[in-house]
Amino acid sequence: MDMIDIPFGTTDWSQVAATEHPGETGVATWRTREFGSVRVRMVEYSPGYLADHWCDRGHILLVLEGSLTTELGNGEVVTLTAGSSYQVGDDTQPHRSSTTGGARLFVVD
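Residues numbered from 1 in each chain as written. Predicted model: local features only at pLDDT ≥ 70, side-chain atom pairs only at ≥ 80, totals over all residues. Heavy atoms only, no water.

**Q** Tell me about the pairing of strand S1 (residues 18-22), residues and numbers included.
**A** Where S1 lies against strand S2 (residues 27-35), five bridges are found, and the strand directions are antiparallel. The residue bridging histidine 21 from the neighbouring strand is alanine 28, located in S2. Counted between consecutive antiparallel strands, the loop separating S1 from S2 contains four residues, among which glycine 26 sits at a positive phi close to 70°. (Pairing = 2+ DSSP bridges. Helix = DSSP H or I, 4+ residues; strand = E, 2+ residues; numbered from the N terminus.)

**Q** Hey, could you go over the side chain of arginine 41 for me, with residue numbers and the actual values?
**A** If you trace the backbone, arginine 41 turns up in strand S3 (residues 38-45). Within the structure, arginine 41 has its side chain in polar contact with the side chain of aspartate 109 (distance 2.8 Å). Not counting residues within four places of it along the chain, the set of residues in contact with arginine 41 comprises Trp13, Trp30, Arg31, Thr32, His59, Leu105, Phe106, Val107 and Asp109. (Polar contact = N/O pair within 3.5 Å; in protein donor to acceptor, adjacent residues only side chain to side chain. Contact = heavy atoms within 4.5 Å.)

**Q** Just give me the short version of the packing of aromatic side chains, but keep the residues and values in it.
**A** Under the definition given, this model contains two aromatic pairs. Considering the side-chain rings of tryptophan 13 and phenylalanine 106, the 6.1 Å spacing of their centres and the 85° angle between planes classify their relative orientation as edge-to-face. Remark: phenylalanine 106 occurs in strand S8 (residues 103-108) and tryptophan 13 occurs in the segment before S1; sequence separation between them is 93 residues. Residue classification places phenylalanine 106 among the partly exposed residues on the basis of a relative accessible area of 27%. Between tyrosine 45 and tyrosine 49, the ring centres sit 4.2 Å apart and the planes meet at 10°, which makes this aromatic pair stacked. The burial state of tyrosine 45 is the same as that of tyrosine 49; both residues are buried. The ring of tryptophan 30 has arginine 41 lying over it, and the distance from NZ or CZ to the ring centre is 4.3 Å. (Phe/Tyr/Trp six-rings, centres within 6.5 Å; stacked < 30°, edge-to-face > 60°. Buried < 20%, exposed > 50% of the residue type's maximum accessible area, 1.4 Å probe, protein only. Lys NZ or Arg CZ within 6 Å of the ring centre and 35° of its normal.)

**Q** A description of the nonpolar core should follow, citing residues and the corresponding values.
**A** Formed by 15 residues in total, the largest nonpolar core has its most connected members in Val43, Tyr45, Leu61, Val63, Leu68, Tyr86 and Leu105. Of all the secondary structure elements, the ones that give two or more residues to this core are S2, S3, strand S4 (59-72), strand S6 (85-88) and S8. Setting aside residues up to four positions removed in sequence, tyrosine 86 forms contacts with His59, Ile60, Leu61, Leu68, Thr70, Leu80, His95 and Ser97. One finds Val16, Val38, Val40 and Val108 within the second-largest nonpolar core, a separate group that totals six residues. (Core = buried A, V, L, I, M, F, W, Y, C linked by side-chain atoms within 4.5 Å.)

**Q** For the pattern of salt bridges, give the residues involved together with the corresponding values.
**A** Opposite charge on two side chains lets them pair, provided their charged atoms get close. Scanning the model with the defined rule gives six salt bridges in all. Linking glutamate 71 and arginine 96 is a salt bridge whose minimum nitrogen-to-oxygen distance equals 3.1 Å. Placement of the pair is glutamate 71 in strand S4 and arginine 96 in strand S7 (residues 95-98), with a sequence separation of 25 residues. The network of salt bridges with shared partners includes Arg39, Arg41, Arg57 and Asp109. (Salt bridge = Lys/Arg side-chain N within 4 Å of Asp/Glu carboxyl O.)

**Q** How would you explain the layout of surface pockets if you had to name every residue and give the values?
**A** Roughly 300 Å³ of volume is contained in the largest pocket. Mapped onto the lining of the largest pocket, the elements with two or more residues apiece are S1, S2, S3, S4, S7 and S8. Of the residues forming the lining of the largest pocket, the biggest block, four residues, is contributed by S3. Its residues placed into classes, the lining of the largest pocket shows 12 nonpolar, five polar and five charged. (1 Å grid on protein atoms, 1.4 Å probe; cavity = no way out; pocket = protein on both sides within 12 Å on 5 of 7 lines; lining within 4 Å. Points joined across faces, edges and corners; volume = space filled by probe spheres on them. Nonpolar A, V, L, I, M, F, W, Y, C, P; charged D, E, K, R; others polar.)

Here it is, written out as C-alpha cells:
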C-alpha cells in the first residue's frame, strides 16, 4: 500500500453511501472511500455473518464494536474484540471472517 499524493481531508462516515454485501449468512454493510490505491472502509457485519469467500487481500483492520472471529487458511482461529486489530499482507494468509453478535470495523487496504 502506497499512500502517495493524498491531501489532508476528513470523512463524516454517516454521509458516505452504504453498500450491502451478502455473506454465506448475514450481510456486510460497507461505507467506502478510495484514495488512489488505498481503500478505507467502515464495515458493519450483521449478527450471524459468515463471509462467502476466502480473502487474499491484505488489510489493517480495527474492531470498533462487537466481536470478530477470523479463520485463517491454516486452520488457526483468531477472535478480536473492540479495540483489537490485525494486519495481514496481500497473498500471505487466506482468511475469512464471521461474527455471532455483529461487529463494526474500520479497515484500510
